[in-house]
Each structure stands twice: as C-alpha cells, then as structure tokens.
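# Residue-level structure breakdown
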Amino acid sequence: MGESVNTPEAMAGTEGKRPRLELRGIRKVYPSVVANDGIDLTVLPGEIHAVLGENGAGKSTLMKIIYGVTRQTDGEMVWEGQPVTPENPAHARSLGIGMVFQHFSLFETLTVVENVALALPGAPDLGDLSRRIEKVSAKYGLPVDPRRLVHALSVGERQRVEIIRCLLQNPKLLIMDEPTSVLTPQAVRKLFETLRQLAAEGCSILYISHKLDEIQELCHTATVLRGGKVTGHCVPSQETPKTMARLMIGKDLPVCEHSQAKEGGEIRLRLAGLSHASDDPFGTDLKDMNLEVHSGEIVGIAGVSGNGQQELLYAISGEGPLAEKFPVQICGTETGRMMPGRRRKAGLCFVPEERLGRGAVPSMSLAENAILTAARTRGFVRKGLLDFAAARSFAADCIHRYNVKCGGPQAQARSLSGGNLQKFIVGREVMQEPKVLVVAQPTWGVDVGAAAFIRQSIIDLRNAGCAVLVISEELDELFEICDRIAVIAKGRLSPAKRTSDTNVEEIGVWMSGMWPGAGPLADGVPGGSRVPA
Amino acid sequence: MASRGVHVFRLETRPEASEAMRYWSPAIAVALTLAGGMVIFAALGKNPVEGFRVFFVSPMRDLNGIAELLLKATPLMLIAVGLAVGFRANVWNIGAEGQFLMGAVGATGVALAFKGASAVVLLPSMIVAGAIGGALWAAIPAVLKTRFNANEILTSLMLVYIAQLGVSWLVFGPWKDPAGFNFPQTETFEDAALLPMLIEGTRLNLAFVVALAALAGGYVFMAKSFVGFKMRVAGESEAAARYAGFSTVAMVWIGMLVGGAAAGIAGMAEVAGPAGQLTDKLSSGYGFAAIIVAFVGRLNPIGIFFASLLMALLYIGGEQAQQYLSLPSSISKVFQGMLLFFLLGSDVLIQYRLRRVVRAHKVA
C-alpha cells in the first residue's frame, strides 16, 4: 500500500492553495459490479495528476462521474470549495471541466470549426471562431487548419481539435483519457509540452494512463486504482516503473522471455506487390507492399492508426478478398482471392483488433465462440452436425491454459472483461497450431499482467516454428517481442529492419513516411506526426 | 431560479435484460391480448365472457374442432419454421404469402398435368413442385439482395402482389375449369392428388405430419448443424461471420430458399388439402400471420408449434365470432395485430425501462 505523500518539488508554489477538485469517498455501484469504492482524490490548481490503473480498475467510471456522464451512488465531489454534482457534460463544462476522450467524438463530414462550434453554447460566428481557434492553436503549439474537413485529418490532428475545443472554454481542469495511445513518439513529446504549458498557466490536468514511463515523465502526482479502490498515492518522479507497477497490479511486472530467433526458416507469409484500392472513401489505399515472414520469427508492423493497417489486415485475413491471387501468399499458396475459411485451411490464424462483435460473438458462449474459428481445424463438425461436447472441452482447455477469468465454457463472451476475452481469443487461435499467425493490437486495452502473458504466448508460438505477424501501435510492445520491424505509413510498407539494428527514434521517423527509398511519399506526410510549425 | 418542468417518459436501457423474461414475454402478450379482446367485446356491446367462450373455448369443444385447429395450424407451422431459419440470420423474408401461392401453383401444375397417376408418385412430386415453386419465388429477392444489395423486405413483399395477380391470371385464364361455370378456379383435384386424412371424419390430413417433421428438422438444423450455427453467427454479428469466413451471400440464399420452400410446401398442402383446387382466394394471409407466429415462438421450433396453435385459434375463433356474435370478419386481424403489438411492447420493456424525467425549462 502506498502512502499519501506531499509533493514539495513538483508542486512548488501551490502549497496551501485551495484544491481545485476534491473527491471524497466516491462510490459507484453498477448492478453487477462495484466500479468505484470509496475513492478520495485531490487535485490542486496547476497540478498534472495521473490516475493510474489497469483496465477495469475504475478509472473511466471515475472520470465519467467528474464529467457528469454518470452519477455516483455515494460520496461527494467538491469543486473549488463548493460541493457539486455535475448533471451532464454541459454542466461540467460550464463549471470549467473539459475532457478529451480516448475515442474521438468528431463529425467526419464537418470542418474543424463546425465541430468546435457544435460543442459551444449558442450559435457562434464561424469566422470569429476560426480566428479564436487559430489563436489558441498558435499559443499552445497545436497547429490545425480550422477550415479543413475532419475526415482528412490524421488521428493526431483530431486529438488537437478535441484539445482546442476544450481550451476554448478556458477549462480549469482538463481530463485526458489515454491520450498517447494513438500518437507517434515525436507527437507524444509535443503533446507533453502543451500540457506542461497549460499546467504552468494554472490549469489542472487529470491524466489517465497505464503507461508508467509517460506518467513518470509528465505527472506531478499520481493516484493508483486497483479493483475500484485507491491503492496508493505517489510522486512518480520518486518512483520507478517497477514500484508503480506493484501498486497498480499488486505484484511485480512480469517479464517476457525472448530468445534469439532462429534464422533461415521457410517463408510462410509473403506479400508480393500488394496494392488495393479501399472500398471506403475515407479508407487508405494499399500501395505495392512487399513483406516476407519466415517460420520461427515475429515481424512487427508499426504505424499510427489509419495508415492502412485495417485494409492490410482485411487483405491478409480474406475479409476483404483481392482481385488477384498472387499478392497474398500463405505457405506457398496464392490466396489473394480466397475467402477467410480457405485461408485458415492453408494454415492462417488471425486475432483481430475488435474482440466483441468480430473476434467473438457477444451473445454466444465461449464454447460456441470456439466453434467460430476452430470448427474445421479441431474437427467439431461431423456429417454437418456440431459436436458441442468437443467444443466445450476445447473451450475449457483454452480457459485453463490461458488463465481466462470467466464463468466457464458456457459464459457469454460479453460477460468477460476485455483482457480476458483477448486471452481467450489468442488462446483459441494459438491452440489451433497455425503455420501463420496474424495478430492485430495484441494487448490493446489489456492490463499489464495479461499483456505480458499474451506476448509470452506469441513468443512461445514463434519458438515452436510459427510465422507471426504483429500489427500494433505500441512501439514498446513491438520492440519487446519482434525480431524484425517494418512501418506502415499512408498505405505503404517500409522494408523490415532487424529490431536489434534499429531504435524507437528511427522507427518514429519512419512512421512519418520518411524511410530511405520512400520516394515521392515525402510530400504526403501523414499528419499524425506532422511536425508543428 | 425557478424551474418549470414538463414530465416526459424516456426509455432507458436496462443494465441486463432478463433472460427468463424473454421467454415469458409471449405469455404476457397472450394474456394482454385476451384482456384487450375482452375490452373490445365489451366496447362492441357483447358480453365479454360470452365473447371469450365463443372465441377461445368453443373451437376446441370436440375432436372435429381440434382437428380443424391443427389443420389451420399446419401451414402456419410450416411457413413459420422456414422463416425462422432466415430471421435468425437477419434475412427478412416478408413475402412468404407469395411463396405460398407459388408453391400452390407448382403443385397444381403437377396435379393437372399428370391426371391419372397414382398417389404414391403424384403426392411426392406435388410436394417437390410446391417446394420448388416457393423457393424459386424466394430466389428472386435473394438474387436482388446478393447481386444488387436490394432490400429483401421490400422486394419479397412486392413479389407477394405479383404472385397474387399471377394466380388470378391462371385461374381466370389458362387453368380455368371448363366445367366450372366460369368461376375463377381450376378443376378439383383427383383423389390421388389429395393428401390422405389422418383422422377419419375430419379434414386433418398428412400435411400435419409433414409440418411436425419440418419442425423437428428445423430444430436439428438450427440447434445442431454447422450451417445453422453459421446462420446464427451471421444474424448476431456480421463482422464476426466475415471474420470466421462464413459467406454472408450463402446465408442469404439459405435463408430465402428454406423459407420459400417451406411456404411452397404449405401452399401445396392447401391445394391438396382443404381447398382441393387452386382458386384466387386460396390464401387467408397465412404468409403474413406466420411472421407473427415465428416471433411469438421466439424463432424456436418448439415455440413455433405452440404459437401456430394460438394463431390458428385466433383464425377459427374469428370465424366463430362472425357466426355467433355477428362481429365483422376483421376481428381476427384485430386479435393478430394486438398479439404482435403486445409482444413487441413487452420485448421493448424487457430491453428498456420507462423512466419519468422532468425536462426543465429554465425561467430567467
């Protein structure tokens, strides 16, 4: 258990000030779960306060209470000395509370200024508002053109729009929910500068994250949640990631065992000049992608989301078959035009990014969700009829081996937490002993304990000779598990480089589309990493 | 600051919909329909208790009454179980009425073309022809859906009216019975083309056994087969079906063809059963009533069995109400409508709850 610490160095000059926000004994009970249980939290003016915790620790619920999205069952919220209960987000905004969400809430077909106007009370003059946007964006180093349409913006730019939208209301407290999950390392640094400048001007910031290094770099104080309760307060600069992890997960951070890749395995997955025009007008066209993944190696593809990852995965999995056969080859078979079922037969297994609704059917049991992809490979079908007993025992085995916390094979997929469902889906695909495994965002939104477990099982599969392709936005993760790394930017794929021969900075630059030989791409820099003027 | 408010009701999603209530909901809907029916009887100046007796009790007073009930329930069962296969995969075939008619046309064609053939040959061929007729009619919306992404709800519904006009043309034109005093009907079928009776002295025929077999087959298909599983996945989540590699095109085809074939067999059972010939008044809205049956039965073959008995009772009760209470014939439709309305209503309230909220108007 951590103890309450004052923060003399970080909070110099704010001593003795009235707290901006005080939560006392906040409790939120949902029908099936206690999301928050007696949470105390104090944020001073100008303080960057981290709220740290694993998935399901109750961070989001707490922020929703502060922002008026939901109401606490019990407990008190004190805002600048006055007890308040925000009725709704508009009320919270009028108090001076702003929030930037993890998943953006912008209308793609409207311009930046129109989107901002929608969040403001009344009907502001758009010309006037554009000038205010430009002023704020210049002041805080958040370059964005108010006249551009949102669909043409990169994820990083969209985040800037959200931040500017909050800043226009002169917030006294800004809530940032996992803001860096979509940014390049360079863009993260830029964001931190902006947040520090805001804090220096007296704005308080609640920074929600599970990335320990970022919190250490940015935040003055931290409150750690676990299972809906506060497990500690700390000053991140005085802690190590290890000690904070212990507060967060209650034990030491697990480490992956990663041996050298065996060289010279056969080619299992090959992209041979894969080009594909996206059906979606806002999608990304794939241009001349080439890649080879050998038996016994893990190849990672880094990149800011929205640069063609989705389209590439559809092309490989067969959910979006191509017009030609040769661009996607699985174990020597040209599979470009095949449906997903036939590619599975050729030896492919695939863990998609969305778990509920794609990787698993929410209303079906885990046993039935095992049938979803393992029916043919594990022989659950006999004479057209399903062998439910075999599916149940497969699911039970998967639950046991992958340590899935659930009510058993009969539990509905939707009753599982995101991390546990991900473990089940990874387990289901790995247990089919694929020749090629493609994994998208293996640990997205998964707590650190489960993340380490999932990474280890991917590495184990590689050691058993499988060819693994991992697409992730988390650079740390790719550097931890991959033998080679390539970068996707604007629908193009860089050459793959051995992980030991590169570093985060180089890959970060490549993520802007600027790798050697990238050619004419340089003028079409993807905006997520656009360097501010 | 004073606040004047308007009280409004708002639907709020329940945190967890009760699984048990999902199965209770049809029972609640039936109870409410009965209660609503009593009110309507009273409003029409009839004694509600007497109305209830005539409508719901007297149809089942003897063996013949029960046989009539099962006879009426037969096409509903057949059509509803076929539709349920598609509905589970979100394939919305609303045109079973037309497929029913085209099945009747197919079976009639065989019966008229092979006069003199023995029943052992003729009846199975008529069943097959009925199934093919219905399936062909259902194939049109399937093509339009899979090739041009045309909404099958609209296309299958529109084809109902085309089928009705097609039947009219046949019975007014080429298939008109020369000895039929110019009535719009075909010749009455020979005995070999009529389904054998199950119970002596009643009109209940072999089609009831076929319908029970269809229910059993539907149960195995939906609950045990891999294809049925794929269709359930497609209905629950299209993205998951695509991810797993289940072809959505195949799901549309299976859903439409099974529904069409089942409706077509029901049409065959009608011309080779109680009707004994094809007329322009063949269907009494079975194809539409079966949609209600499928949903009241929760798309489950066992549920459909009971729901079709209930719907048959509403049909027969409506006829009795015309006879003995001199109520208009639309009374059956009113009861059907109430049943569907209350079912949908209770389903909504199982998913959501009503909350009274005060919408505040700030007064400056």
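Residues numbered from 1 in each chain as written. Chains lettered and ligands numbered in written order. Predicted model: local features only at pLDDT ≥ 70, side-chain atom pairs only at ≥ 80, totals over all residues.

## Considering the overall build of chain A
Assigned secondary structure in chain A consists of 16 helices and 23 strands. The C-alpha extent of chain A, read off along each of the three principal axes, is 70 × 55 × 45 Å. Here the contacts in chain A between residues at least 6 apart in sequence split such that 68% fall between residues at least 24 apart. (Helix = DSSP H or I, 4+ residues; strand = E, 2+ residues; numbered from the N terminus. Contact = placed C-beta atoms within 7 Å.)

## A word on the overall build of chain B
In terms of regular secondary structure, chain B is built from 13 helices and two strands. Relative to a compact globule of 364 residues, whose C-alpha radius of gyration would be 21 Å, chain B shows 23 Å and is just as compact. If one aligns the C-alpha atoms of chain B with their principal axes, the spans along those axes are about 90 × 60 × 35 Å. Per-residue burial over chain B gives 48% buried out of 364 residues. Here the contacts in chain B between residues at least 6 apart in sequence split such that 78% fall between residues at least 24 apart. (Rg over C-alpha atoms; globule rule 2.2 N^0.38 Å. Buried ≥ 20, exposed ≤ 12 C-beta atoms within 10 Å, placed from the backbone.)

## Concerning the interface of chain A and chain B
At the interface, 26 residues of chain A touch 17 residues of chain B. Among the elements of the structure, α10 (340-345), α11 (366-374) and β18 (385-386) of chain A are those that each provide at least two residues to the side of chain A that touches chain B. Per-class residue counts for the side of chain A that touches chain B are 15 nonpolar, eight polar and three charged. (Nonpolar A, V, L, I, M, F, W, Y, C, P; charged D, E, K, R; others polar.)

## Here we look at the confidence of the model for chain A
Averaged over every residue, the pLDDT of chain A is 86; residues scoring 70 or more account for 92%. In the model, residues 1-14 of chain A has pLDDT below 50 throughout and makes 26 contacts with residues more than four positions away in sequence or in other chains. (pLDDT = per-residue confidence, 0-100.)

## A look at the domain arrangement of chain A
Residues and elements named next belong to chain A. Once the domains are mapped, chain A shows domain 1 (22-96 + 171-249), domain 2 (101-157), domain 3 (254-347 + 434-533) and domain 4 (359-432). Summarising the inter-unit geometry, the C-alpha centres of domain 1 and domain 2 are found 25 Å apart. Residue-level contacts link 10 residues of domain 1 with seven residues of domain 2. Of all the elements, helix α6 (residues 185-200) adds the most residues to the side of domain 1 that touches domain 2, at five residues. Grouping the constituent residues of the side of domain 1 that touches domain 2 by class yields three nonpolar, three polar and four charged. (Domains from an automatic or database assignment.)

## A few points about the nonpolar core
Counting 201 residues, the largest nonpolar core has Leu76(B), Ile79(B), Ala80(B), Met126(B), Ala290(B), Val293(B) and Ala294(B) as the members making the most contacts within it. Not counting the four nearest positions on each side in its chain, Ala290(B) is found in contact with Leu76(B), Ile79(B), Ala80(B), Leu83(B) and Ala96(B). Ranked by size, the runner-up nonpolar core spans 66 residues in total, among them Ile39(A), Leu174(A), Leu191(A) and Ile249(A). (Core = buried A, V, L, I, M, F, W, Y, C linked by C-beta atoms within 7 Å.)

## A closer look at the sheet that holds strand β10 (residues 229-234) of chain A
Residue and element names in this part refer to chain A. The six strands lie next to each other as β6-β7-β8-β3-β9-β10, forming an open sheet whose pairing is mixed. Pairing within the sheet leaves two strands with one partner each, and these edge strands are β6 (97-100) and β10. Across this sheet, the average inter-strand angle for adjacent strands is 20°, counted without regard to direction. With five bridges joining them, strand β3 (residues 48-53) and strand β8 (residues 204-209) adopt parallel strand pairing. What sits directly across from Ala-50, in β8, is Tyr-207. Lying over the sheet, α6 contacts β3, β7 (173-177) and β8, oriented at roughly 145° with respect to β8. (Pairing = 2+ DSSP bridges. Axes fitted to C-alpha atoms, helices over the stretch in contact; angles between N-to-C directions.)

## So, helix α11 (residues 286-296) of chain B
Residues and elements named next belong to chain B. With 11 of 11 residues buried, α11 lies mostly within the body of the structure. Of the residues making up α11, those classed as buried are Tyr-286, Gly-287, Phe-288, Ala-289, Ala-290, Ile-291, Ile-292, Val-293, Ala-294, Phe-295 and Val-296. For α11, the secondary structure elements touched by its buried residues are α1 (19-43), α3 (63-88), α4 (96-113), α10 (248-271), α12 (301-325) and α13 (331-351). Arg-298 occupies a position one or two residues after α11 and carries a positive phi of about 55°.

## Here we look at the confidence of the model for chain B
Of all residues in chain B, 96% have pLDDT values of 70 or greater, and the mean over the chain is 90. For this predicted complex, the interface score ipTM comes out at 0.79, alongside a pTM of 0.77.

## What about the pairing of strand β16 (residues 348-351) of chain A?
Residues and elements named next belong to chain A. With burial as the criterion, each face of β16 is covered, one bearing Leu-348 and Phe-350 and the other bearing Cys-349 and Val-351. Sheet analysis places β16 next to strand β19 (residues 436-440), joined by four bridges and oriented parallel. Bridge pairing in β19 links Phe-350 to Val-438.

## Quick word on the sheet that holds strand β4 (residues 74-79) of chain A
Residues and elements named next belong to chain A. Strand order across the open sheet formed by four strands is β2-β1-β4-β5, with antiparallel pairing between neighbours. Whereas interior strands pair on both sides, the edge strands pair on one side only; in this sheet they are β2 (33-43) and β5 (82-84). Adjacent strand axes in the sheet meet at a mean angle of 30°, parallel and antiparallel pairs treated alike. The pairing of β4 with β5 spans three bridges and is antiparallel. If you follow Met-77 over to β5, its bridge partner there is Val-84.

## Some remarks on the environment of Ala29(B)
Residue and element names in this part refer to chain B. Locating Ala-29 in the fold gives a position in helix α1. By the C-beta count within 10 Å, which is 23 here, Ala-29 ends up buried. Ala-29 sits 52 residues away from Val-81 along the chain, and the two C-alpha atoms are 20 Å apart. Other than its neighbours up to four places away in sequence, Ala-29 contacts Val-296, Leu-339, Phe-342, Leu-343 and Ser-346.

## With respect to the packing of α4(B) against α10(B)
Residue and element names in this part refer to chain B. Closest axis-to-axis distance for the α4/α10 pair is 6 Å, and the angle between their directions is 55°. Between α4 and α10, the angle falls in the class oblique. Along this stretch, α4 crosses α10, giving a crossing that reads as right-handed. Here Ala-96, Gln-99, Phe-100, Leu-101, Met-102, Gly-103, Ala-104, Gly-106, Ala-107 and Thr-108 of α4 lie close against α10, whose contacting residues are Gly-259, Gly-260, Ala-263, Gly-264, Ile-265, Ala-266, Gly-267, Met-268, Glu-270 and Val-271. (Parallel < 35°, antiparallel > 145°, perpendicular 65-115°, else oblique. Left-handed = near helix turned anticlockwise from the far one by under 90°.)

## Re the packing of helix α12 (residues 388-401) of chain A against helix α13 (residues 418-430) of chain A
Residues and elements named next belong to chain A. Put simply, α12 and α13 touch, their axes get as near as 9 Å, and they point 120° apart. At the point where α12 passes α13, the crossing takes the right-handed sense. Here Cys-398, Ile-399 and Arg-401 of α12 lie close against α13, whose contacting residues are Phe-424, Gly-427 and Arg-428. A breakdown of the residues in the contact of α12 with α13 according to their chemical character gives three nonpolar, one polar and two charged.

## Points about unusual backbone geometry
Within the chain, Asn170(A) stands out as a residue other than glycine whose phi angle is a positive 45°. With respect to the helices, strands and loops of the structure, Asn170(A) is situated in the loop between α5 (155-167) and β7. Its 10 C-beta neighbours within 10 Å are what place Asn170(A) among the exposed residues. Although it is not a glycine, Asn149(B) adopts a positive phi angle of roughly 55°. The residue Asn149(B) is located in the loop between α5 (119-148) and α6 (152-172) in this model.

## Examining the pairing of strand β1 (residues 21-30) of chain A
As paired strands, β1(A) and β2(A) are joined by seven bridges and run antiparallel to one another. Paired with Ile26(A) across the bridge in β2(A) is Ile39(A).

## A word on α13(A)
Residues and elements named next belong to chain A. The terminal C-alpha atoms of α13 lie 18 Å apart, and with 13 residues this matches the ideal 18 Å at 1.5 Å per residue to within 8%. Burial of α13 is extensive: 12 of the 13 residues sit out of reach of the surface. Restricting attention to buried positions, one finds in α13 the residues Gly-419, Asn-420, Leu-421, Gln-422, Lys-423, Phe-424, Ile-425, Val-426, Gly-427, Arg-428, Glu-429 and Val-430. If you follow the buried residues of α13, they end up packed against β16, α11, α12, β19 and α14 (448-463). (Expected span 1.5 Å × (residues − 1).)

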